[in-house]
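Commentary on secondary and tertiary structure
Listed below, chain by chain, are the residues.
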Amino acid sequence: MKKVEVVPPNPNGQKDFQKESQQIANIFGENAIAIHHIGSTSIPGIYAKPIIDLLVEVKEITKVDEKNVEMQSFGYTIMGEFGIVGRRYFRKDNSAGIRTHHVHVFEVGSTEVKRHLAFRDYMIAHPEAAQKYSLLKQELAAKYPHDIEAYMDGKDSFIKDIEKKAIEWFGERD
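Below is a short write-up of the structure. From a predicted model like this one, the values you see are computed outputs, not experimental measurements. (Residues numbered from 1 in each chain as written. Predicted model: local features only at pLDDT ≥ 70, side-chain atom pairs only at ≥ 80, totals over all residues. Heavy atoms only, no water.)

**Overview of helix α5 (residues 148-173)**
- Here α5 contains 26 residues, and its C-alpha end-to-end distance of 35 Å stays within 8% of the 38 Å for a straight helix at 1.5 Å per residue.
- Its maximal kink placed at D156, α5 deviates by approximately 35 degrees.
- Listed in full, the buried residues belonging to α5 are A150, Y151, K155, F158, I159, I162, E163, A166, W169 and F170.
- Along its buried surface, α5 packs onto α3 (111-125) and α4 (127-143). (Helix = DSSP H or I, 4+ residues; strand = E, 2+ residues; numbered from the N terminus. Expected span 1.5 Å × (residues − 1). Bend = angle between axes of the 7 residues up to and from the residue. Buried < 20%, exposed > 50% of the residue type's maximum accessible area, 1.4 Å probe, protein only. Contact = heavy atoms within 4.5 Å.)

Shown next as structure tokens:
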């Protein structure tokens, strides 16, 4: 059973993202329009699970499947849509079997892209909300150290509340 762990901000997180995103850009080639750093590691100053989340916007989602072999050779497990229609999801573990990266691929224009970017940008622009999220994650990880489902459930209403605010806020900026 994997331990639910949140850790202080990684000073190398941005560098790790840049390195991984370059490799992924090389794999997806011209189909990739943008690669974004998302998830808690993209929000400065907060605790996070030590996993880099990348969101890749592509021209054609079906062409992503043609890159499965290359993603596997780069250490990724192919997860398909994995519960979200229109997504391609990949995850990577290090040699010790510890998860290090998630790659979420969506076609350009997907509402999922907007949702993820709105959440990230809102948290960066509202550090007090980010710190509340950081504390919540630390409390949940301490309370449910071996129950990822309970940890995720514990964050759910907070995330939905922030997402709603973030999408309104994000829309005002367009």
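**Let's talk about the nonpolar core**
- Among the nonpolar cores identified, the biggest contains 26 residues, and F119, Y122, M123, Y133 and I162 are the most heavily contacted of them.
- Counting only elements with at least two residues in this core, the list comes to α3, α4 and α5.
- Of the residues forming this core, the biggest block, 7 residues, is contributed by α5.
- Filtering out sequence-adjacent residues up to four positions away, I162 remains in contact with F119, Y122, M123 and A129.
- With 16 residues, the next largest nonpolar core counts F17, V56, Y76 and V105 among its residues. (Core = buried A, V, L, I, M, F, W, Y, C linked by side-chain atoms within 4.5 Å.)

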